[in-house]
Amino acid sequence: MKPTIVLVHGAFAESASWGGVIQRLLDDRYPVIAAPNPLRSLSGDAAVVSSILSTIDRPVVLVGHSYGGAVISNAAVGHDHVKALVFVAAFAPEAGESIGALSGKFPGSTLGATLREVPLADGTVDLYIQQEKFHQQFSADVPAERAAIDAAAQRPLNTTALNEGSGDPAWTSVPSWFIYPELDYNIPLEAHRFMAKRAGARAAVELAGASHAIPASEPVAVAEIILDATRSIG
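Let us look at the structure shown here.

1. Examining the overall build of the protein
So, step 1. Across its full length, the protein holds 10 helices and 9 strands.
So, step 2. Taken over the C-alpha trace, the protein has a radius of gyration of 16 Å; the compact-globule value for 234 residues is 17 Å, and the two agree within 12%.
So, step 3. Principal axes of the C-alpha set define a box for the protein whose edges measure 45 × 35 × 30 Å.
So, step 4. Across the 234 residues of the protein, 52% fall into the buried class.
So, step 5. The contacts of the protein with a sequence gap of at least 6 include a subset with a gap of at least 24, amounting to 73%.
So, step 6. Surface accessibility of the protein: about 9400 Å² in total, with carbon and sulfur atoms responsible for 53%.
So, step 7. Within the protein, the 24 negative side-chain charges are centred at a point lying 5 Å from the centre of the 16 positive side-chain charges.

Take a look at the structure:
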């Protein structure tokens, strides 16, 4: 029985961002779910993914991109059938740590200067990347035409999700794999290296010249590390 691969997108993206990765996994006949990520709060988003995990009756490889890494770190807790975690240009916070704190732990992120704020009635704020800055900030190594579509379709991250501390993360007990880009302007390269080392990653792959949007720009490399994780669990 092949494991189910569950993919969780991050901020400023949506499930279709996994398209090239999904195609590669389906070609190898793995069952795949691109889970919805509401991007509202870390605990609430993790609960949504956890509910999906509860309906799967086979081993799971859980994959997160960007903020989705924080979500999978929390969603996998209590699910013994989650056998591997894959962090794709992703946050892997420890208990009590927010993605906002992690992104500022090392210099190099230019995300803050590109954001557009949309205040909400509940006092929180939705954050978008300004469309004219999206290509350079988020996905410099994808064609401009694709970046323009992704900029228009992006889903916002709420400030609650940005600032909420993580619960006890699953990566302390579940084996992890990391893949991250050299030229990530959202999450500094040194932060990626730090998180992979802290998590005791089974593998940490650094993609030279790649942007934050590696599910779109490097789908073969991303799919391959996911497949490596699936092979490790038999």
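2. Examining helix H1 (residues 19–27)
So, step 1. Restricting attention to buried positions, one finds in H1 the residues Val21, Ile22 and Leu25. Seen end-on, H1 carries its buried residues on one side only, within an arc spanning 100°.
So, step 2. Residues of H1 that are buried in the fold lie against strand S1 (4–8), strand S2 (32–35), helix H9 (214–217) and helix H10 (219–232).
So, step 3. Downstream of H1 by one or two residues, Arg29 has phi in the positive range, about 65°.

3. Digging into the packing of aromatic side chains
The description of two aromatic rings rests on the distance between their centres and on the angle between their planes.
So, step 1. For the structure on display, the rule yields 4 aromatic pairs.
So, step 2. Plain terms: the ring middles of Phe12 and Phe138 are 6.5 Å apart, the flat faces sit at 85° to each other, and that makes the pair edge-to-face. Placement of Phe12 in the loop between S1 and H1 and of Phe138 in helix H5 (residues 131–138) is noted, with a sequence separation of 126 residues between them.
So, step 3. Chaining the aromatic ring pairs together yields one cluster made of Phe12, Phe134 and Phe138.
So, step 4. Cation over ring: Lys2 sits above Tyr30, and NZ or CZ is 4.4 Å from the ring centre.

4. Section: unusual backbone geometry
So, step 1. Of note, Phe12 is a non-glycine position whose phi angle comes to about 65°, a positive value.
So, step 2. In this structure Phe12 comes out as buried when scored by relative accessible area, which is 5%.
So, step 3. One non-glycine residue, Arg29, lies in the positive phi region at around 65°.

5. Some words on the packing of helix H2 (residues 42–53) against helix H3 (residues 67–75)
So, step 1. The N-to-C vectors of H2 and H3 enclose an angle of 60°; their axes lie 8 Å apart at closest approach. One element, H2, and the other, H3, form an angle in the oblique class. Read as a crossing pair, H2 and H3 show a hand that is right-handed. Between H2, through Leu42, Asp45, Ala46, Val49, Ser50 and Leu53, and H3, the contact on the second element is made entirely by Tyr67, Ala70, Val71, Asn74 and Ala75.
So, step 2. Each residue belonging to the contact of H2 with H3 can be placed in one class, and the counts come to 8 nonpolar, 2 polar and 1 charged.

6. Section: empty space enclosed by the protein
So, step 1. In the structure shown here, the tally under the stated rule is 1 cavity of 30 Å³ or more.
So, step 2. The calculated volume of the largest cavity comes to roughly 140 Å³.
So, step 3. Around the largest cavity sit 15 residues that line it, and Phe12, Ala13, Ser17, Phe138 and Asp150 are the ones nearest its centre.
So, step 4. Elements represented by at least two residues in the lining of the largest cavity include exactly H5, helix H6 (144–153) and H9.
So, step 5. Per-element tally for the lining of the largest cavity: the top contributor is H6, with 3 residues.
So, step 6. Residue composition of the lining of the largest cavity, by class: 8 nonpolar, 4 polar and 3 charged.

7. Details of the layout of surface pockets
So, step 1. In this structure, the largest pocket occupies an estimated 200 Å³ of space.
So, step 2. Per-element accounting of the lining of the largest pocket gives the leading share, 3 residues, to helix H4 (residues 99–103).
So, step 3. Across the lining of the largest pocket, the residue classes break down as 11 nonpolar, 6 polar and no charged.

8. Comments concerning the environment of Ala47
So, step 1. Relative to the helices and strands, Ala47 resides in helix H2.
So, step 2. Judged by relative accessible area, which is 39%, Ala47 ranks as partly exposed.
So, step 3. In this structure, the C-alpha to C-alpha distance between Ala47 and Val205, residues 158 residues apart in sequence, is 29 Å.

Criteria and thresholds
Residues numbered from 1 in each chain as written. Predicted model: local features only at pLDDT ≥ 70, side-chain atom pairs only at ≥ 80, totals over all residues. Heavy atoms only, no water. Helix = DSSP H or I, 4+ residues; strand = E, 2+ residues; numbered from the N terminus. Rg over C-alpha atoms; globule rule 2.2 N^0.38 Å. Buried < 20%, exposed > 50% of the residue type's maximum accessible area, 1.4 Å probe, protein only. Contact = heavy atoms within 4.5 Å. Areas by Shrake-Rupley, 256 points an atom, 1.4 Å probe, with all protein chains shown as cover. Lys, Arg positive; Asp, Glu negative; His and termini not counted. Charge placed at Lys NZ, Arg CZ, Asp CG, Glu CD. Arc of directions from axis to C-beta. Phe/Tyr/Trp six-rings, centres within 6.5 Å; stacked < 30°, edge-to-face > 60°. Lys NZ or Arg CZ within 6 Å of the ring centre and 35° of its normal. Axes fitted to C-alpha atoms, helices over the stretch in contact; angles between N-to-C directions. Parallel < 35°, antiparallel > 145°, perpendicular 65-115°, else oblique. Left-handed = near helix turned anticlockwise from the far one by under 90°. Nonpolar A, V, L, I, M, F, W, Y, C, P; charged D, E, K, R; others polar. 1 Å grid on protein atoms, 1.4 Å probe; cavity = no way out; pocket = protein on both sides within 12 Å on 5 of 7 lines; lining within 4 Å. Points joined across faces, edges and corners; volume = space filled by probe spheres on them.

Everything listed here is a matter of coordinates, which is why it stays silent on function.
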